[in-house]
Amino acid sequence: MLKKIWITLFFQVSVIALWAGHPRIYVSDSDKAAVKEKISSHAWAKETFERIRRHVDPYVERHQKNPEWIVSRLAMYWKEVERYTQCYLKKQDWDRGEGNAPVPTVRMPGMRTWNKYSNVPLEERTPYNETGDMWGISRSDPSAPKVLVPYKESGHMIRGNNVEILTLAEDASFLYWLTEEEKYARFAADIFNTWLMGTYYMNPILDPDKSTGGTGGYESGGICGYYDYEQIHDDLALHAALIYDFTYDYLLAHPHPHLATVGKSLPEVAGTVFKRFVDIGFVRGGKNGNWNVNGWNIMLRPILALEDNDAYPDGKGRSYYLHYLTTESTPYHDAIPDIVKSYDPVTGLWPESPGYSFGTIASLLDFATLLRRIGIDIIADNPVLQKASLAVFPWMDERTNMIVFGDSRGGSANFGTFEHLLAYYLQKGDGQNAAQVAAALNKGISTGSYKRRFNDWRTLCTYVPAIPESGEIASERMSYSSHHRLVTMKSKPDEENLMAVLYGGRDGYHLTPNGLALQLYGFGYALLGKQHVGMVVYKLQRVPVSCYQQRINAVFVSYSGYGTKYVVCLVPLAFAYGYAHFPEQLLQQRKLGP
């Protein structure tokens, strides 16, 4: 008993020491040797490190000779008399600004919604852009000539521009921490300092007509964030917090000159800015569903960059905010104990469509990795998180692409969820569960759907050096979700790899109330009939369906109401593939109407 007490006390003291300095969010200085060893001993880690450096180095080298080049491409209110300190929304888009700060302020996005353009490469963007008009490339026709998109029609181009530059600084800050080469710190710090002071002078946007569901400012309600008109996209501070964490010592030694003018220290100004993002996010966005999880994802890194409660006059520091993520729900956001209640305890499925379902578990396991560093273990307390990760397999075809229905776009599953679980179980010494998630990763690798080939420094900090050998993961041949009204059926593994997905449809949860729909797979490919986003639906008509690799035709029969005879029409297709046998008596019992 005494030994356990001493171990607990040692762990608590270690956590306190760990969180007393920077960096601390993903790694601390004590982790540096292990990260370097991973890079020197494992090809995937070395390749990841080199890829990051190759991407960042040209910008860093240019910065040595021309420090204005990258900073001038930040989207700011650069014009001397238009350095706005207060902006206004109208019909969810930027309307106007007022005030004039002593330094350029960070520009607000032009619109809440997306437009049809992507930003041109950084080299082609306008330095010291005073109008906010952005050069864009058509996403539907990238070969078309670039066009100048007016500020108020710029969609997410402003935020995308600033996220791109902050991400470069984030990568450089990691390289500074790992290599201790000061050129990376200078590059990152010049970007961060410009962003920090430019954000410090900007008040939260006001929405007098409540077009986003609230009046803006610091008032509660609605979906508007601090620097985006949806709180779940308000991600500038997410990147800035990581730059701050990795380059903290350099920033202290090389403060922005304007800090002396305002008479405040770096931690004071950074704390003020990070807390604005968090305080606004705390009372905006969505209380549950993917909006809630994504909202916490936006807030967590700025929270972890803060000092503890006693460092702030209002007593709200890191521990204060974390309490409402880990323990106690609020009227605006559910905490983890209530978040996990959304998962079906039998299937492990989240109630939304596939992209949202497995995006949420990926975020929660990323949370788990960060919280574990401060002694909070949300995986041990919530075993449904492992079930939720493995629930992806019945919803994948044989090429490990996710099935498509509702507001979802398919694509390969996110194997990062298993990487987080593997690191956790190996750290805990849980060989049985480690073997199960290693089997999931190895299946992705064996099918070619997953490669340890990354551009993200986080993988170097959080993924284990090597995936252990394992047996094969067992995947159900048939699964059913009553909430989604979805059945998946698979043949035994063979060269044909047949699969059928039967979807009943429902309203809400990013699902579609379209009636019954059937999707067939063969030879590892979906058999498509001009399908786009969502489950394909054809009403009472026969359509030719082509296969990417084989000459196969099939019949899709569906309905938009709740008639029964169309259900019976679909059943023989299931019979033909040998998936199931439905007795006539059961069919009669399951009729939905006369």
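Only a predicted model underlies this, so the values are computations on that prediction, with no experimental measurement involved.

**Student:** Account for the sheet that holds strand S8 (residues 478-481), with residues named and values stated.
**Tutor:** Strand pairing in a sheet takes place through backbone hydrogen bonds and is either antiparallel or parallel in direction. One open sheet holds the 5 strands; their spatial order is S8-S9-S10-S11-S12, and the pairing between them is antiparallel. On the outer flanks of this sheet lie S8 and strand S12 (525-527), each paired with one strand and no other. Ignoring strand direction, the axes of neighbouring strands in this sheet form an average angle of 15 degrees. In this structure, strand S10 (residues 499-503) lies alongside strand S11 (residues 517-522), joined through 5 bridges in antiparallel fashion. Residue pairing in the sheet places Leu 502 in a bridge with Leu 518 of S11.

**Student:** Give me the lowdown on helix H2 (residues 32-41), citing residues and values where you can.
**Tutor:** Of all the residues in H2, the buried ones are Lys 32, Val 35, Lys 38 and Ile 39. Here the buried residues of H2 occupy an arc of 125 degrees about the axis, which is enough to place them on one side. Opposite its buried face, H2 presents the exposed residues Ala 33 and Ser 40, each directed more than 90 degrees away. Those residues of H2 that are buried lie in contact with helix H3 (43-65), helix H5 (157-179) and helix H18 (457-462).

**Student:** Which residues make up the sheet that holds strand S5 (residues 117-119), and what values go with them?
**Tutor:** Here we have 3 strands laid out as an open sheet, ordered S5-S6-S7, and antiparallel in their pairing. Two strands close off the open sheet at either side, each with one partner strand: S5 and strand S7 (147-149). On average, each strand axis in the sheet is tilted by 55 degrees relative to the strand beside it, whichever way the strands run. Alignment of strand S6 (residues 134-138) against S7, held across 3 bridges, turns out to be antiparallel. What sits directly across from Met 134, in S7, is Val 149.

Thresholds applied
- Residues numbered from 1 in each chain as written.
- Predicted model: local features only at pLDDT ≥ 70, side-chain atom pairs only at ≥ 80, totals over all residues.
- Heavy atoms only, no water.
- Pairing = 2+ DSSP bridges.
- Helix = DSSP H or I, 4+ residues; strand = E, 2+ residues; numbered from the N terminus.
- Axes fitted to C-alpha atoms, helices over the stretch in contact; angles between N-to-C directions.
- Buried < 20%, exposed > 50% of the residue type's maximum accessible area, 1.4 Å probe, protein only.
- Arc of directions from axis to C-beta.
- Contact = heavy atoms within 4.5 Å.

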